[in-house]
Amino acid sequence: MSTAFTGVVTSLITPFTSSFDLSLGHASRVDTFRVACLARWQARCGVSALSVAGWAGEGSTLSRAERIALIEAASGAKGPMAILADIGSPSTAASVALAMDATSAGADGLVLVMPYYNKPTFPGIRRHVEAVASATSLPLLLEFDEARTKVRLSSVEMAELTGIGTVASVIDHSPNPLHVECMSRARHGVSFLAAHEPTAAACGLLGADGLFSAVANCAPGLVVALWRAIEEGDVTRARDIAARLKPLADLVEAEGVPALKELLQDAVGSETTVRLPLHPLGQAARRQVEAVRQMLDEAQAAPSAAQRKVAAR
């Protein structure tokens, strides 16, 4: 299988700064300075690519101008990483327009989640992907997230879509690690990124080419270490790191983007501001965040089980 996009791809949050105007009320804007800070931190930790304006980036709340500013800010600080722009929409015309904007803004690739809300048939989905793929020459990563889009495709249909022009990778949120096997039917040269955090290690060990991760926002070093253990076939170390990441993955699964922003507040000094319909965390959830923060600090400081074994010899 190819190396179109491999390693750890972080689904990046979008930091906002908030303000209050007597006539407009509460407002927020994209904090491009913090975007650059996050990008540099991710690059230092060995992340391969950043996906901006997706689910974790509150893409559905961003204006066209904000998306462009976000791509430009991330691209200016990317170092060796690739910048991927999420262009998913239930409207094919809107996705094509976003693809053209992302190309002009300097993106290195495009992430296209399957069209939600309209409940299209497979022929409609195929035409949707073909239209976007023909709009620019950038590589296209197809994102399959049934839980959010309610679009359910068979592994054969997923593999069929990889035959379309510029499709370079598949991002799969399925909790079934055996979905990796669907890539045996995919076009040669298309990579598979595992996006279901609880089963990411299993997918990697079964042959995935990389991890598409939201928790890497807060623990990029640990997620990169997990991927390196997978690449080296070190099952013990991979399971050990996955166990350390589990409390964070469970928290993000339950509380979503607001939890990520709470955890990142200390790391890069960003605000916890989210846009409606997302809502700031309540007291109970913030206590869970603090518990996870402490566990993460301990996990990143403590030696792994494999390192302890070596030290004991």
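Novice: How do you make sense of helix α8 (residues 220-231) when you look at a structure like this?
Specialist: In an α-helix, one turn spans 3.6 residues; hence positions three or four apart end up facing the same way. The end-to-end C-alpha distance of α8 is 16 Å, a good match for the 16 Å that 12 residues give at a rise of 1.5 Å each. Buried residues belonging to α8 abut β1 (7-11), α1 (32-44), α7 (200-205), β10 (210-213), α9 (235-255) and α11 (283-301). Gly 233 occupies a position one or two residues after α8 and carries a positive phi of about 70°.

Novice: What should I look at first to understand the pattern of salt bridges in this one?
Specialist: As a working rule, side chains carrying opposite charge can pair if their charged atoms are close by. If you walk through the whole model with that rule in mind, you get 13 salt bridges. The salt bridge partner of Glu 160 is Arg 126, with a shortest N-O separation of 3.4 Å. Of the two residues, Glu 160 is situated in helix α6 (residues 155-161) and Arg 126 in helix α4 (residues 122-133); the sequence distance between them amounts to 34 residues. Here Glu 160 falls in the partly exposed class, since its relative accessible area comes to 38%. Using a relative accessible area of 25% as the deciding quantity, one classes Arg 126 as partly exposed. Measuring nitrogen to oxygen at the nearest pair gives 3.1 Å for the salt bridge that ties Asp 145 to Arg 148. The class of Asp 145 is buried, set by a relative accessible area of 7%. Salt bridges here are not isolated pairs; linked through shared partners, they connect Arg 126, Glu 130 and Glu 160.

Novice: Just to check I follow, could you spell out the confidence of the model for the protein for this structure?
Specialist: Detailed conclusions should not be drawn from predicted coordinates in areas where pLDDT is low. The share of residues in the protein with pLDDT of 70 or more is 93%, and the mean pLDDT across the chain is 91. This stretch, residues 306-313, has a pLDDT under 50; its non-local contacts, to residues over four places away or in other chains, come to three contacts.

Novice: What is the right way to look at the environment of Phe 5 in this model?
Specialist: Among the structural elements, Phe 5 can be located in the segment before β1. Since its relative accessible area comes to 11%, Phe 5 is described here as buried. Taking C-alpha positions, Phe 5 is 9.3 Å from Val 170, a pair spaced 165 residues apart along the chain. Those residues in contact with Phe 5 that sit more than four places away from it in its chain are Ala 82, Leu 84, Asp 108, Pro 139, Leu 141, Ala 168, Ser 169, Ser 191, Leu 193 and Asp 209.

Novice: Hey, could you run me through unusual backbone geometry in this one?
Specialist: Apart from glycine, the bulk of residues carry a negative phi angle, and the bulk of peptide bonds sit in the trans form. The peptide bond linking Leu 276 to Pro 277 adopts the cis configuration, its omega dihedral lying at 15°. Its place among the elements puts Pro 277 in the loop between α10 (257-268) and α11. The residue Ala 53 is not glycine, and still its phi comes out positive at about 70°. Of note, Ala 53 is situated in the loop between β4 (49-52) and α2 (64-76). Although it is not a glycine, Tyr 117 sits at a positive phi angle of roughly 75°. As for its placement among the helices and strands, Tyr 117 is situated in the loop between β6 (109-113) and α4. You can call Tyr 117 exposed: its relative accessible area is 72%.

Novice: Looking at this structure, how should I read the pairing of strand β9 (residues 191-194)?
Specialist: Each regular strand shows side chains that alternate between the opposite faces of the sheet. Here β9 shows no split at all, with Ser 191 and Leu 193 on one side and Phe 192 and Ala 194 on the other all buried. Relative to β9, strand β8 (residues 167-172) runs parallel, the two being bridged by four bridges. The residue of β9 that forms the bridge with Asp 172 is Ala 194. Two strands pair when backbone bridges link them, and β9 and β10 are joined in this way by two bridges, in the parallel orientation. When the bridges of β10 are listed, Ala 194 appears paired with Leu 211. This β-α-β element, β9 to α7 to β10, shows right-handed connectivity.

Novice: Would you mind going over the nonpolar core with me for this structure?
Specialist: Nonpolar side chains in soluble globular proteins tend to end up buried together. Counting 92 residues, the largest nonpolar core has Met 114, Val 129, Leu 140, Leu 142, Leu 153, Leu 161 and Leu 248 as its most contacted members. The contact partners of Leu 153, leaving out residues within four places of it in the chain, are Met 114, Phe 122, Ile 125, Phe 144, Met 158 and Leu 161. The next biggest cluster of nonpolar side chains, apart from the first, holds 12 residues, and it includes Ala 49, Leu 141, Ile 171 and Leu 193.

What counts and how
Residues numbered from 1 in each chain as written. Predicted model: local features only at pLDDT ≥ 70, side-chain atom pairs only at ≥ 80, totals over all residues. Heavy atoms only, no water. Helix = DSSP H or I, 4+ residues; strand = E, 2+ residues; numbered from the N terminus. Expected span 1.5 Å × (residues − 1). Contact = heavy atoms within 4.5 Å. Salt bridge = Lys/Arg side-chain N within 4 Å of Asp/Glu carboxyl O. Buried < 20%, exposed > 50% of the residue type's maximum accessible area, 1.4 Å probe, protein only. pLDDT = per-residue confidence, 0-100. Pairing = 2+ DSSP bridges. Right-handed = clockwise from strand over helix to strand, strands pointing away. Core = buried A, V, L, I, M, F, W, Y, C linked by side-chain atoms within 4.5 Å.

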